[in-house]
Amino acid sequence: MQNFGLDIWSNKNFLIENGEIKLNFKCMPSLLEITNSIRANKVKGPLLLRFPHLIEKQINTLYSYFTKAIKENKYKGAFHAVFPLKVNQFPSVVEAIVERGQKYKYGLEAGSKAELILAMSKTPEGANITVNGFKDKEMLTLAFLAAQSGHNITVTIEGLNELETIIAVAEESNLKVPNIGIRVRLHSSGSGIWAKSGGMDAKFGLTSTEIIEAIKLLKSANLIDKFTMIHFHIGSQMADIAPLKKALREAGNIYAELKKLGAVSLSSINIGGGLAVEYDQHQASCSRNYSIDEFSSSVVFLLGEIMDAKDVAHPDIFTESGRFIVASHTVLITPVLELFSQDYQEELLHFKETNPPLITELIELNRLLNNANCIEYLHDALDHMESLFTLFDLGYIDLQDRSNAEILVHNIIKKALYLKSANPTNELEKLQSELQERYLINASIFQSLPDYWGLGQHFPVMPIHHLNTPPLRAASLWDITCDSDGEIRFNPEKPLYLHDVNIDEEDYFLAFFNVGAYQETLGMNHNLFTHPNEYTITITDTEYHIGTKIESKTILDVLDTLGYDKKEILKKLKEDLKNSSFSTEKEKSAKLAQLETFLQQNGYLRTTN
Ligand SMILES: *Cc1c(COP(=O)(O)O)cnc(C)c1O
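Presented here is an overview of the structure given in this document. (Residues numbered from 1 in each chain as written. Predicted model: local features only at pLDDT ≥ 70, side-chain atom pairs only at ≥ 80, totals over all residues. Heavy atoms only, no water.)

### Brief notes about the overall build of the protein chain
Thought 1: Looking only at helices and strands, the protein chain features 21 helices and 20 strands.
Thought 2: Overall, the C-alpha framework of the protein chain stretches about 100 × 70 × 50 Å when taken along its three principal axes.
Thought 3: Counting only residues that meet the buried cut, the protein chain has 53% of its 609 residues in that class.
Thought 4: Looking at the protein chain as shown, the accessible area adds up to about 26900 Å², and 51% of this sits on carbon and sulfur atoms.
Thought 5: Of note, the protein chain has its 59 positive side-chain charges centred 7 Å away from the centre of its 78 negative side-chain charges. (Helix = DSSP H or I, 4+ residues; strand = E, 2+ residues; numbered from the N terminus. Buried < 20%, exposed > 50% of the residue type's maximum accessible area, 1.4 Å probe, protein only. Areas by Shrake-Rupley, 256 points an atom, 1.4 Å probe, with all protein chains shown as cover. Lys, Arg positive; Asp, Glu negative; His and termini not counted. Charge placed at Lys NZ, Arg CZ, Asp CG, Glu CD.)

### Focus: the pairing of strand β8 (residues 179-183)
Thought 1: Counting buried positions along β8 gives five out of five residues, so the element sits mostly inside the fold.
Thought 2: Of the two faces of β8, both are covered, the one formed by Asn-179, Gly-181 and Arg-183 as well as the one formed by Ile-180 and Ile-182.
Thought 3: In the sheet, strand β7 (residues 152-157) pairs with β8 via four bridges, with the strands oriented parallel. Within β8, the position partnered with Thr-156 by the bridge is Gly-181.
Thought 4: Crossover connection from β7 via helix α7 (residues 160-172) to parallel β8: handedness right-handed.
Thought 5: With four bridges joining them, β8 and strand β9 (residues 227-231) adopt parallel strand pairing. Bridging from a neighbouring strand, Gly-181 pairs with Met-229 of β9. (Pairing = 2+ DSSP bridges. Right-handed = clockwise from strand over helix to strand, strands pointing away.)

### Description of the sheet that holds strand β11 (residues 316-319)
Thought 1: Spatially, the eight strands close up into a barrel ordered β4-β5-β6-β7-β8-β9-β10-β11, and their pairing is parallel. Going from strand to strand, the sheet's axes swing by 25 degrees on average, the running direction of each strand aside.
Thought 2: Sheet topology note: the β9/strand β10 (residues 268-270) ladder contains three bridges and is parallel. Following the sheet pairing, His-231 is matched in β10 by Asn-270.
Thought 3: Where α7 meets the sheet, its contacts fall on β7 and β8, and the angle it forms with β7 comes to roughly 135 degrees. (Axes fitted to C-alpha atoms, helices over the stretch in contact; angles between N-to-C directions. Contact = heavy atoms within 4.5 Å.)

### A short note on the site of the ligand
Thought 1: Close to the ligand lie 16 residues; Lys-86, Ser-236, Glu-320, Gly-322 and Tyr-518 are nearest.
Thought 2: Take Gly-322: an N or O atom from its main chain is 2.8 Å from an oxygen atom of the ligand.
Thought 3: A distance of 2.9 Å is found between an oxygen atom of the ligand and a backbone nitrogen or oxygen belonging to Arg-323. (Near = heavy atom within 4 Å. Polar contact = N/O pair within 3.5 Å; in protein donor to acceptor, adjacent residues only side chain to side chain.)

### Some words on the nonpolar core
Thought 1: Core analysis: the biggest nonpolar cluster contains 141 residues, and Leu-31, Phe-232 and Phe-295 have the highest contact counts within it.
Thought 2: The next biggest cluster of nonpolar side chains, apart from the first, holds 26 residues, and it includes Tyr-377, Ala-405, Leu-417 and Leu-428. (Core = buried A, V, L, I, M, F, W, Y, C linked by side-chain atoms within 4.5 Å.)

### Quick look at the side chain of His-233
Thought 1: Looking at where His-233 falls in the secondary structure, it is placed in the loop between β9 and α9 (242-260).
Thought 2: Engagement of the side chain of His-233 in a polar contact is seen with the backbone nitrogen of Gly-273, the distance being 3.0 Å.

### A short note on the packing of aromatic side chains
Thought 1: For the structure on display, the rule yields 14 aromatic pairs.
Thought 2: For the pair Phe-14 and Phe-513, a centre-to-centre distance of 4.9 Å together with 65 degrees between the ring planes defines the contact as edge-to-face. Of this pair, Phe-14 sits in strand β1 (residues 14-17) while Phe-513 sits in the loop between β18 (509-512) and α18 (519-522); the two residues are 499 residues apart in sequence, bridging distant segments of the chain. Phe-513 carries the same exposure label as Phe-14, and that label is buried.
Thought 3: The structure contains a cluster of three or more aromatic residues connected by ring pairs, namely Tyr-63, Phe-66, Phe-79, Tyr-104, Tyr-106, Tyr-290 and Phe-295.
Thought 4: Cation over ring: Arg-402 sits above Phe-392, and NZ or CZ is 5.0 Å from the ring centre. (Phe/Tyr/Trp six-rings, centres within 6.5 Å; stacked < 30°, edge-to-face > 60°. Lys NZ or Arg CZ within 6 Å of the ring centre and 35° of its normal.)

### Re helix α20 (residues 566-578)
Thought 1: Given a rise of 1.5 Å per residue, 13 residues ought to cover 18 Å, and the 18 Å separating the end C-alpha atoms of α20 matches this to within 8%.
Thought 2: Two to three positions downstream of the cap, the backbone nitrogen of Lys-567 sits 3.0 Å from a side-chain oxygen, assigning the N-cap of α20 to Asp-565. (Expected span 1.5 Å × (residues − 1).)

### Focus: the pattern of salt bridges
Thought 1: For the structure shown, the criterion picks out 27 salt bridges.
Thought 2: The residue Glu-520 makes a salt bridge to Arg-50 at a minimum N-O spacing of 2.4 Å. Here Glu-520, found in helix α18, pairs with Arg-50, found in strand β3 (residues 47-50); they are 470 residues apart in sequence, far enough to count as distant.
Thought 3: For Glu-520, a relative accessible area of 8% gives the class buried.
Thought 4: Among the salt bridges present, the one from Lys-135 reaches Glu-162, with a minimum N-O distance of 2.8 Å. (Salt bridge = Lys/Arg side-chain N within 4 Å of Asp/Glu carboxyl O.)

### A closer look at the environment of Asn-36
Thought 1: As for its position among the elements, Asn-36 is in helix α2 (residues 31-39).
Thought 2: Those residues in contact with Asn-36, other than ones at most four positions away along the chain, are Asp-507 and Phe-509.

### So, the side chain of Glu-109
Thought 1: For Glu-109, the location among the structural elements is in strand β5 (residues 107-110).
Thought 2: For the buried residue Glu-109, which engages in no salt bridge, the nearest side chain bearing the opposite charge is Lys-86, 5.8 Å off.
Thought 3: At 2.5 Å, the side chain of Glu-109 and the side chain of Asn-132 are in polar contact.
Thought 4: Apart from residues lying up to four places away in sequence, Glu-109 is in contact with Val-82, Phe-83, Pro-84, Leu-85, Glu-115, Thr-130, Asn-132 and Glu-320.

### Considering a nonpolar patch on the surface
Thought 1: A surface patch of nonpolar side chains, about 300 Å² in accessible area, is lined by Leu-528, Leu-562 and Tyr-564.
Thought 2: Among the structural elements, Tyr-564 can be located in the loop between α19 (555-561) and α20. (Patch = residues over 30% accessible without salt bridge, like charges linked within 9 Å, V, L, I, M, F, W, Y side chains within 5 Å.)

### Here we look at a negative patch on the surface
Thought 1: The grouping of Glu-338, Glu-346, Glu-347, Asp-504, Glu-505, Glu-506 and Asp-507 at the surface amounts to a negative patch.
Thought 2: Of note, Glu-338 is situated in strand β12 (residues 330-339).

### Description of the packing of helix α12 (residues 357-368) against helix α14 (residues 399-419)
Thought 1: Two numbers describe how α12 lies on α14: the axes approach to 10 Å, and their chain directions differ by 25 degrees. Judged on the interaxial angle alone, α14 and α12 are roughly parallel. By crossing handedness, the relation of α12 to α14 is classed as left-handed. Across from Ile-359, Leu-362, Ile-363, Leu-365 and Asn-366 in α12, the residues of α14 making contact are Asp-401, Asn-404, Ala-405, Leu-408, Val-409, Asn-411, Ile-412 and Lys-415. (Parallel < 35°, antiparallel > 145°, perpendicular 65-115°, else oblique. Left-handed = near helix turned anticlockwise from the far one by under 90°.)

### Here we look at helix α15 (residues 426-434)
Thought 1: Every buried residue of α15 is accounted for by Leu-428, Leu-431 and Gln-432. End-on view of α15: buried residues confined to an arc of 100 degrees, all on one side of the axis. Turned more than 90 degrees off the buried face of α15, the exposed positions are Asn-426, Lys-430 and Glu-434. (Arc of directions from axis to C-beta.)

Encoded structure:
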């Protein structure tokens, strides 16, 4: 049975049982069960489900592999991790990381003033804060205030001017000076679509010459004892481990050299993020060629080796993994609203007492089609279809015959595509991309899967039920924005097959997985669709609990965010309606109330699903 690549991308977080997809944790609720219980309260549209136990799992995994590597390599430094807030700043995510990472003193990384404020308010005592990105005097002063308030904060400078500003703030104030890190510009660069952070032309970091200059500045300002960390980040979703190893060698040697240059307090290397997540549904290890085990061993081994060779004490290791920590914890559930070519359903066949001979043959081809004969039968069917169209044009068959022919041939193609889905011929590939059924999903790709729109990043997607039945329809997914980019197509090498369902009679839900990193904060309000209703689900041995709910913004609130006066909008609409003619006062007040209700709901579709 087709499992939509669950064994490839799900990291054993989910499993299929009794035709439904379930969480592989404690009481194992099914996604359908959770979805239905939320929707029982009249909630419509897409749902974002968060599972904090999956964040905890990733945190534990990261720490356990680094702890293991440190032990195996007799490494002397410690391991620390911070979570980069830019990956997901939503409260339920940050709170889950802080709470569930408490035993490790898990910290936070900030890349802007607002993120720094968030880090200062959420980082527990003793945990680390790291600050990256471009900073002005105000932001650097904020870092001094954080240090003064007792935070364990390290500010990574991206250029010499930032260091000069730090020195100025230190001289002007009596505030406690934060620890200082230097981002090094590496010669090596990462790989993959996100790799723009490393290399000679990188946006960030100091060159060797600038680093030497920085040490001089620090010494002359008497701040060399505040310089504790060097940092690099070679880009997100690192596909290949080789560039990381090169970067580690380079950064490791820079570290050792700096110790020799008199960086007395230098004690940590921060290797940034980049640890990849498997998004592929078809082929294992497509997104990355290494495991977390190999990753942690390589980092620890290489750093140890370099330091031993140069007779320098082992540094503490910091990581800033974001995607790896949070991608898996969020599932986006989208109801399917419509299939665009339902008219090809077999129920709609209406045969006559005597059918034209070619139709009779099509009926037989459809009935007898199997794996062995399907290519031959498909060719016969396509041939018959051509002949039947000609017969129709010449007036020999009627519209009902033509409709029967279309339905039968579609079915034959569909079955052939399915039977040969493992190794399709060129002809089938062409047919499949022409005949993808369009499933309309109640969601916005721009809001909920912006990396698909911007970078062509596919996310694992599958139905959460009907999994006892083979899916026969090659699908493409359309969202409800009126933008032609709001479509997810699947190329013939990596098709998505979905079920033939009658949406008027039953629900059909698709779930997108591994959407917990970057998607929500990059998501945009195209067509004014907003962040979906969000729920945090905790699971115990006996039950699951639907916790914190963050409601999608109402239509009026969305307009308000844009700067419109929502009261004025409501007033105008109500007045226009009031001034129109109604047969009774009762009807008028009912319609006014209805209008108000509409405006107090979110903008996702509600009528059908
Ligand atoms: C974005 C970013 C990260 C997070 O990268 P992931 O690939 O999500 O792990 C870490 N550090 C820095 C400096 C970043 O800019």
